[in-house]
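Descriptive analysis of the structure
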Amino acid sequence: MNVSNSLLQDLCQVLPHLQPQIYFKSSLAALSHAIEDLILAGTDQPLVIANFQQERFYRQEISRYEKIAQYTDQVYVLAAPETDFGNASAPYATIAFAPDDELAQEWHLIVIGRQYSACVVCREHASPIDSASLDQARQFQGIWTFDPQVSIQAARLLLERIVAYRPELAPKIKQAQRRYRLLHESQVQASRSKVVELDLRLFVNRLVTYLQASQYKLLKAYSTIASKERKERLSNAIATAIRHSFNPNEILTITVTELGQVFSHCRCLLYRYQSDSPKEPIAYESTAAGLPSLKGEVWSLASHPLFQTALAQSQSNGENQSENIVIADITQDLGLQSHPDLKAQLVRWQVRACLLVPIHYQGIWVGMLELHHPEAHLWTEDDVALVEAIATQVGVALMQAQAYSNLETLNRQLVDLERTQSNLIAIVGHELRTPLSTIRVCLESLVTEPQMPPELQQMMLQTALEDADRLRKLIQDFITLSRLESGLMRWQLEPISLKEYLDLALSGLESHQKLPKIVVELPHYLPPIQVDGEGLIEVLTKLLDNACKFTHKTGEVIIRAHILNLEEVRGEPALGNILNKAVLKVTIADTGRGIEPSRLEAIFERFYQEEGFLQRTVGGSGLGLAICRRIIDNLGGKIWAESLGKDQGSKFHFTVPVAVPIT
Ligand code: ADP
């Protein structure tokens, strides 16, 4: 006999009437456990031989076999060694067979007592399912029976193998053969007639219990898989939805809505994070029924301990440092004990468990996904992984949206550039040609008609001079704007008196023109401002020029200035966030032709002229306000226009920093 043969094959050769069938691993496990329980429940002291294929399967049953060894001294356990399984004799005999032995493919359990016998002899069968990942689906082919003749044959064959592997066990095995009448064929035959005194009720009960337990395990596995599958499907749905949108608002709304469906008992929040903004309103939320909404609440992130902890973790840059905050029960969380205010707030908002996962965009924190559970809740690894995956998707989608908006801006700039170019050509053509031809006509008349009366000659010269000056101004504006745009301008900031520079600008107004009435209403005392003098003169001159140009001579231009107070700063959106600076606001108001409210921003664009250059009745390049805005920006201020529309007059305001901070 070849000791490394399949036991199943050998047995079927000896007993050809046996008909092997297919069993799942879960059924064999239930069967084997029920048979082993018979040993533990009885007083029979049977012979027990168990082959576990591999050491790892045996490991799961060690304690069971230690118990069995307390009931009988004839226990033999076989397995192919993997780590430290070896030949031993106590508390029972272990036999480590060669890994290439066919026994490594088989599952055996043979029990022979005086009152009953049972045997399972099966061989691993190629499974149609990937059994490596689904252990319970492994299949075996073989037999199981209470027939003593089959059990005795199997025991005899297996004991021979054991002696071959461990000859020193021969006396003990002999003893077993004698005790259980395995020595002579006649005795084997005799046992055929033996009545099996088996407690069937006990066996069946046990078997059903084990089958039920394995079914329960299976159901649990199914439900885990089903919930995983559901989460994955939703995560994909979110990914698809947000990838199809370039609108950050839409992306974030979809994210919380879908997330709310997965975590249906939770409140899901999403808020943006900018390192320079200390407070963030909660703009995106989906809330489980019964939970109060936090939408619109303002997170003071600078003093939000959980947020700050996560931020600190991310900044510590430890490779394995997780930035997530996972709290299963806020009442038990030690970290929260030192923040009673936050804890009280969380209780008020019915937050018992929470999960915070940051959203990154090109390595920078751009927001946070926050889940609140009203009950104590153990967040599973899957939960965290899912929220992390969604946070990654959101980061990518935001990046995409940003890239798209950059592209749009670029596109707009290109269109602007194109318009600017054609405007430039048209304006240069018109604005240069018109004064040039006037100058030419005047000079030609003077040359060809020397008899011209002196008053007319004077008028011709005056006109030529004015147009030459118009040309000079136009060219000067081009040069100024191009220097401003290329960043070549050098600014010399120094304390300056607005009044002095205003007087200078007023004295430069073209006196020959019929100007409207100009009123200066400055407070008695104005602190010096910290600006570049030339830049300020340029701005004042251009604004005053415009005010006079677009106002009838019967109208009025009023110049005012005052230090801004806090309410005014808050009430003027154009000012943005300048709360901590002292600023002077200058206003040049006129009663002239006014500006359509929809054009109040457009007029600051280069070459903007409301009526188009061809219809102009007054000169100008359309560069004046563009120059003013760039200068004021460089001086650290803001400039904006105000008007109720046509013939309603206009107000141009600008701010500049005060030189000495006000105490
Ligand atoms: P321009 O050389 O054409 O005056 P600006 O850049 O100074 O160029 O002004 C752009 C446009 O803004 C003007 O063409 C005019 O339509 C409008 N604008 C500027 N100032 C006033 C004002 N005080 N009243 C009405 N419209 C004005």
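Above: the structure in question.
Below is a summary of the structure that appears in this document. Since we're looking at a predicted model, the values are computed, not measured. (Residues numbered from 1 in each chain as written. Predicted model: local features only at pLDDT ≥ 70, side-chain atom pairs only at ≥ 80, totals over all residues. Heavy atoms only, no water.)

1. Quick look at the overall build of the protein chain
Applicable threshold: Put simply, DSSP H or I for four residues or longer makes a helix, DSSP E for two residues or longer makes a strand, and each gets a number counted from the N terminus. Here the term buried applies to any residue with accessible area under 20% of the maximum for its type, exposed to any over 50%, and partly exposed to those in between, with areas from a 1.4 Å probe on protein chains only. In this analysis, two residues are considered to be in contact whenever any of their non-hydrogen atoms come within 4.5 Å of each other. Only the protein chains shown count as cover for residues, with accessible areas throughout obtained via the Shrake-Rupley method and a probe of 1.4 Å.
Helix and strand counts for the protein chain stand at 17 helices and 21 strands. Across the 663 residues in the protein chain, those meeting the buried criterion constitute 43%. Partitioning the intrachain contacts of the protein chain with sequence separation of at least 6 by distance along the chain shows that 70% fall at a separation of at least 24. Counting only carbon and sulfur atoms, one obtains 53% of the accessible surface of the protein chain, whose full area is about 35,000 Å².

2. A look at a nonpolar patch on the surface
Spelled out, the test is: Patch criteria: residues need more than 30% relative accessible area and no salt bridge. Like-charged residues are merged within 9 Å; nonpolar side chains of Val, Leu, Ile, Met, Phe, Trp and Tyr are merged within 5 Å. Salt bridges are defined as contacts in which a side-chain nitrogen from Lys or Arg sits within 4 Å of a carboxyl oxygen from Asp or Glu.
On the surface, a nonpolar cluster with roughly 240 Å² of combined accessible area is contributed by Leu200, Val204 and Val208. For Val204, the location among the structural elements is in helix H8 (residues 200–243).

3. Considering the nonpolar core
Here is the rule: Only buried residues count toward a nonpolar core. Its members are Ala, Val, Leu, Ile, Met, Phe, Trp, Tyr and Cys residues joined through side-chain atoms within 4.5 Å.
Grouped together as the largest cluster of nonpolar side chains are 47 residues, with contacts concentrated most on Leu498, Leu543, Leu544 and Phe654. Sort the elements by how many residues they give to this core and helix H15 (residues 533–549) lands first, with seven residues. Ignoring sequence-local partners within four residues, the contact set of Leu498 consists of Leu522, Leu526, Ile529, Leu536, Leu540, Ala561, Leu584 and Val586. Among the nonpolar cores identified, the runner-up in size contains 33 residues, and Val121, Ile152, Leu157 and Leu158 belong to it.

4. Here we look at the packing of aromatic side chains
Here is the rule we go by: Stacked, tilted and edge-to-face are the three classes applied to pairs of Phe, Tyr and Trp rings, where Trp contributes its six-membered ring and a pair requires centres within 6.5 Å; stacked means planes under 30 degrees apart, edge-to-face means over 60, and tilted covers the rest. We call a charge positioned over a ring when the NZ of a Lys or the CZ of an Arg lies within 6 Å of the ring centre and within 35 degrees of the ring normal.
Scanning the entire structure with this criterion turns up ten aromatic pairs. Consider the rings of Trp144 and Phe146, whose centres lie 5.6 Å apart with planes at 85 degrees: the pair is edge-to-face. One aromatic cluster in this structure is built from Phe52, Tyr58, Tyr65, Phe85 and Tyr92. The ring of Phe604 is capped by Arg629, whose NZ or CZ atom sits 4.1 Å from the centre of that ring.

5. Let's talk about the environment of Phe85
Considering the arrangement of structural elements, one finds Phe85 in the loop between strand E3 (75–80) and strand E4 (93–96). Here Phe85 falls in the buried class, since its relative accessible area comes to 10%. Sequence-wise, Phe85 and Ala96 are eleven residues apart; in three dimensions their C-alpha atoms are separated by 6.7 Å. Not counting residues up to four positions away in its chain, the partners in contact with Phe85 are Glu55, Tyr58, Val77, Leu78, Ala79, Thr94, Ile95 and Ala96.

6. Brief notes about the sheet that holds strand E18 (residues 556–563)
Applicable threshold: At least two bridges found by DSSP between two strands are what make those strands a pair. Only C-alpha atoms enter the line fits that serve as axes; for helices the fit covers just the stretch in contact. Angles between N-to-C directions range over 0 to 180 degrees.
Spatially, the five strands line up as an open sheet ordered E16-E18-E19-E21-E20, and their pairing is mixed. With partners counted over all chains shown, the strands left at the sheet margins are strand E16 (517–521) and strand E20 (639–643), one partner each. Each neighbouring strand pair of the sheet contributes to a mean axis angle of 15 degrees, computed without reference to strand direction. As judged from the five bridges shared by E16 and E18, these two strands associate in the parallel manner. Looking at E18, one finds that Glu521 is bridged to Arg560.

7. Some points on the pairing of strand E21 (residues 650–657)
Within E21, six of the eight residues are buried, which leaves the element mostly enclosed by the surrounding structure. Relative to E21, E20 is paired through five bridges, and the arrangement is antiparallel. Paired with Trp640 across the bridge in E21 is His653. What sits between the antiparallel neighbours E20 and E21 is a turn of six residues, in which Gly645 has the positive phi angle 125 degrees.

8. Looking at the packing of helix H1 (residues 7–14) against helix H5 (residues 148–165)
To keep things clear, this is the line we draw: Here the word oblique covers every angle except those under 35 degrees (roughly parallel), over 145 (roughly antiparallel) and from 65 to 115 (roughly perpendicular). Whether a crossing is left-handed or right-handed is set by the direction in which the near helix is turned from the far one by less than a right angle, anticlockwise for left-handed and clockwise for right-handed.
As a packed pair, H1 and H5 sit with axes 10 Å apart at the nearest point and diverge in direction by 130 degrees. Considering the angle they form, H1 stands oblique to H5. For the element pair H1 and H5, the recorded crossing hand is right-handed. Where H1 approaches H5, its residues Leu7, Asp10, Leu11 and Val14 are matched on the opposing element by Val150, Gln153, Ala154, Leu157, Leu158 and Arg161.

9. Looking at the layout of surface pockets
So the rule is basically this: A cavity, in this analysis, means grid points on a 1 Å lattice covering only the protein atoms where a 1.4 Å probe fits yet has no way out; a pocket is instead an open set bounded by protein on both sides within 12 Å along at least five of seven lines, and a residue lines either one if it has an atom within 4 Å of a point. Grid points are joined across faces, edges and corners, and a volume is the space filled by probe spheres set on the points. Here the nonpolar group is Ala, Val, Leu, Ile, Met, Phe, Trp, Tyr, Cys and Pro; Asp, Glu, Lys and Arg are the charged ones; every other residue, Gly included, is treated as polar.
Put simply, the second largest pocket is a space of about 450 Å³. Along the walls of the second largest pocket sit 25 residues, with Lys25, Ala29, His33, Glu61 and Trp107 positioned nearest its centre. Elements represented by at least two residues in the lining of the second largest pocket include exactly helix H2 (25–41), strand E2 (47–54), strand E5 (106–112) and H8. Counting residues per element, the lining of the second largest pocket draws most heavily on H2, at seven residues. Among the residues making up the lining of the second largest pocket, the classes are represented as eleven nonpolar, nine polar and five charged.

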